[in-house]
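Fold and contact review
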Amino acid sequence: MITRTQRRHHRQQKTSRRKSRRRKVVNRIVERDLIHRLSYDQYREEVRKVYGGARGAMLARFSQLSGHLHLGDRLLRKRRFDLAGARQILDVGSGAGQILGHLLKYADPEARITGIDISHAMLRRARGRLKSSRPDLITADLARLPFANQSFDCVTCGYVLEHLPDARTGLAEIVRVMKPHARMLLFTTEDSFGGAWTSRLWACRTYNRREILKTCDELGLALTQELWFSRMHKLLRAGGICIELRKRHPAGTSCETASAVPVRVDSAV
Ligand SMILES: C[S@@+](CC[C@H](N)C(=O)[O-])C[C@H]1O[C@@H](n2cnc3c(N)ncnc32)[C@H](O)[C@@H]1O
């Protein structure tokens, strides 16, 4: 016999499923689907144009206003993502150098820092903003990283993965260049209402949190922790997917690593 509590619980579940379906439909309408309509090469050119043009210039000039810069700084300053001991750090999709700036501040002085981006214009802006010659900045595509296997013991990747039609392509490439046990800080746009608007503005896609975690796990990246920029972000589930991952040591492979010398430098800045 079904009790009154069970009936109420069943009703609540049904309402919540209906709301979630409605949210998904709205998000799909708002979200931009350019990434799925063009070939990867055509889409990449569009992304280069977006970031190389006025929007990229605005991002470089006003990134303080978004709050992300300050919140990202806090994550690293408070060592919630700890850079201590990292010697070869890769920042993927450096943009105007937002994460690179934190790395310069909080990484060990002997760490070698490398940033890559498909937009040469963004890397030039990053160099100008950072006023530092320390990071190596290389124009390259996340889908084809110009580095030898197992080159880095730490990777940061902020809001770039959403510019690939399939997360697996980029994540597999990152895993390839990570040393065993290397850690990664990954930020990416979530399939929320806010994420759908981000997708519209930056011509990118969004990801489902559960699916990204599953893909990471399948590629040998273990989730170390889910991070939130602040308690408010956690409460509102805002700010996108922000996770720390660690590369598992593949059973039976040697721990020897290659040096972080680029095997193909597209164009240094
Ligand atoms: C939103 S910005 C992120 C900047 C910075 N990482 C941050 O967290 O604020 C995204 C950057 O990713 C770059 N990007 C997009 N697709 C890329 C790809 N396939 N490979 C490398 N960089 C890419 C863009 O050119 C842009 O500079």
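The structure reproduced in this document is the subject of the present report. What you see is a predicted model, and the numbers here were worked out from it, not measured in a lab.

All right, on to the site of the ligand then. Residues in close proximity to the ligand total 21 residues, the closest being Gly93, Gly95, Leu142, Gly158 and His163. Listed by contribution, the elements that provide at least two residues to the shell around the ligand are α3 (40-52), α6 (98-106) and β2 (112-117). Class assignment for the residues of the shell around the ligand results in 12 nonpolar, seven polar and two charged.

This part covers the nonpolar core. Within the largest apolar cluster, 58 residues are counted, with the highest numbers of intra-cluster contacts made by Val155, Ile174 and Met184. Considering every element that reaches this core, the biggest residue donor is strand β5 (residues 178-188), with six residues. Beyond its immediate stretch of four places on either side in the chain, Val155 contacts Leu90, Val92, Ile174, Met178, Ala182 and Met184.

The phi torsion of most residues other than glycine is negative, and most of the peptide bonds are trans. The phi dihedral of Lys131 falls on the positive side, at around 50 degrees, and the residue is not glycine. Along the chain, Lys131 turns up in the loop between α7 (120-130) and β3 (136-139). The class of Lys131 is exposed, set by 8 C-beta atoms lying within 10 Å. Even without glycine at this site, Ala203 takes up a positive phi of about 55 degrees. Classification of Ala203 as buried rests on a count of 20 C-beta atoms within 10 Å.

About the criteria used
- Residues numbered from 1 in each chain as written.
- Predicted model: local features only at pLDDT ≥ 70, side-chain atom pairs only at ≥ 80, totals over all residues.
- Near = placed C-beta within 6 Å.
- Helix = DSSP H or I, 4+ residues; strand = E, 2+ residues; numbered from the N terminus.
- Nonpolar A, V, L, I, M, F, W, Y, C, P; charged D, E, K, R; others polar.
- Core = buried A, V, L, I, M, F, W, Y, C linked by C-beta atoms within 7 Å.
- Buried ≥ 20, exposed ≤ 12 C-beta atoms within 10 Å, placed from the backbone.
- Contact = placed C-beta atoms within 7 Å.

Everything listed is a geometric property; what it means functionally is a separate question.
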